[in-house]
Amino acid sequence: MARSKEIKKHEKELALRNFRFNRFLFIRYALAFSVIANLYWLFMNLFTQVSSIILPGAMVVLGGMAAFEYLRIYWTHQNTLKFSKIYFQTQIVVNVLLFFATFNESVFGYLYPFLGVSNEAILLVYIILGVGLVVAGISLFKVLRIAKNKDKKYQYIQRYEK
């Protein structure tokens with residue numbers, strides 16, 4: 001009988017840990033999407049023009065720091081994601097700056113030497129930057145709501161704990 005209570009307690013603790021960790025599910029996938037896009041940009045620049053790897057390299061490093069943050073929060077629950085917040089804020093600023101910098105063809109050629117300057121390539125970059133901007137904006141919004149316990153999953157956790 002006592003063993004059964006101990007097992008149930010352990011199962012409930014595990015379920016709560018998973019519920020808390022799943023609050024960050026969209027943010028984790030958005031981070032992976034962003035880091036992979038920046039990593040692709042880094043590698044493509046690495047093979048064509050080494051001097052333009054600084055910005056994508058910095059974004060990959062910052063994204064890696066945010067990714068390691070999720071390893072920690074699985075075991076020790078906390079609502080604030082310091083590095084994820086910084087990463088998505090930086091990603092928004094970088095995407096906006098890149099959006100305006102892309103108007104200049106020589107800057108475009110420097111930042112994306114693997115694409116070649118054409119209307120189609122510029123349109124592709126604008127689409128990628130736009131999608132990245134939306135994803136980073138939604139992610140930042142979710143990070144801030146989770147920090148304030150205003151997300152829907154927090155309400156589910158509260159009901160489960162009772």
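**Quick look at the layout of surface pockets**
Consideration 1: Empty space within the largest pocket amounts to approximately 360 Å³.
Consideration 2: Every residue lining the largest pocket is counted, 18 residues in all, and those nearest its centre are A37, W41, Y112, I128 and L129.
Consideration 3: The set of elements that each furnish at least two residues to the lining of the largest pocket consists of α2 (25–48), α4 (82–101) and α6 (119–147).
Consideration 4: When residues in the lining of the largest pocket are grouped by element, the largest group, 6 residues, is from α2.
Consideration 5: Looking at side-chain class alone, the lining of the largest pocket contains 13 nonpolar, 5 polar and no charged residues.

**A look at a nonpolar patch on the surface**
Consideration 1: Residues V96, F99, F100, F103 and L133 make up a contiguous nonpolar surface patch of about 460 Å² in total accessible area.
Consideration 2: Residue contributions to the nonpolar patch peak at 3 residues, all from α4.
Consideration 3: Looking at the secondary structure, you find F99 in helix α4.
Consideration 4: The exposure class assigned to F99 is partly exposed, which follows from its relative accessible area of 32%.

**Observations concerning the nonpolar core**
Consideration 1: Counting residues in hydrophobic clusters, the biggest one holds 30 residues, and the most contacted among them are Y70, Y87, F88 and Y112.
Consideration 2: Secondary-structure elements contributing two or more residues to this core are α2, α3 (54–75), α4, α5 (105–111) and α6.
Consideration 3: Per element, the largest residue contribution to this core is 10 residues, and it comes from α6.
Consideration 4: Beyond its immediate chain neighbours, meaning those up to four positions away, Y70 contacts F21, F24, I27, R28, L31, L81 and S84.

**Focus on the pattern of salt bridges**
Consideration 1: Taken as a whole and assessed by the stated rule, the structure comprises 1 salt bridge.
Consideration 2: For R72, the salt bridge is made with E69, and the minimal N-O distance between the two is 3.6 Å. Note that R72 and E69 are positioned in helix α3 at a spacing of 3 residues, about one turn of the helix.
Consideration 3: On the basis of relative accessibility, which here comes to 2%, the residue E69 falls in the buried class.

**Re a positive patch on the surface**
Consideration 1: A contiguous patch of positive charge on the surface is contributed by K85, K142, R145, K148, K150, K152 and K153.
Consideration 2: In this fold, K153 is placed in helix α7 (residues 152–161).
Consideration 3: Judged by its relative accessible area of 35%, K153 falls in the partly exposed class.

**Considering the packing of α2 against α6**
Helix-helix packing is characterised by the crossing angle of the two axes and by the distance between the axes.
Consideration 1: Direction vectors running N to C along α2 and α6 enclose 145 degrees, while the axes themselves pass 10 Å from each other. Relative to α6, the crossing made by α2 is left-handed. Contact residues: α2 offers F26, I27, A30 and F33, while α6 offers V131, G132, V135, I138, S139, K142, V143 and I146.
Consideration 2: Looking at side-chain class alone, the contact of α2 with α6 contains 9 nonpolar, 2 polar and 1 charged residues.

The rules behind the values
Residues numbered from 1 in each chain as written. Predicted model: local features only at pLDDT ≥ 70, side-chain atom pairs only at ≥ 80, totals over all residues. Heavy atoms only, no water. 1 Å grid on protein atoms, 1.4 Å probe; cavity = no way out; pocket = protein on both sides within 12 Å on 5 of 7 lines; lining within 4 Å. Points joined across faces, edges and corners; volume = space filled by probe spheres on them. Helix = DSSP H or I, 4+ residues; strand = E, 2+ residues; numbered from the N terminus. Nonpolar A, V, L, I, M, F, W, Y, C, P; charged D, E, K, R; others polar. Patch = residues over 30% accessible without salt bridge, like charges linked within 9 Å, V, L, I, M, F, W, Y side chains within 5 Å. Areas by Shrake-Rupley, 256 points an atom, 1.4 Å probe, with all protein chains shown as cover. Salt bridge = Lys/Arg side-chain N within 4 Å of Asp/Glu carboxyl O. Buried < 20%, exposed > 50% of the residue type's maximum accessible area, 1.4 Å probe, protein only. Core = buried A, V, L, I, M, F, W, Y, C linked by side-chain atoms within 4.5 Å. Contact = heavy atoms within 4.5 Å. Lys, Arg positive; Asp, Glu negative; His and termini not counted. Charge placed at Lys NZ, Arg CZ, Asp CG, Glu CD. Axes fitted to C-alpha atoms, helices over the stretch in contact; angles between N-to-C directions. Left-handed = near helix turned anticlockwise from the far one by under 90°.

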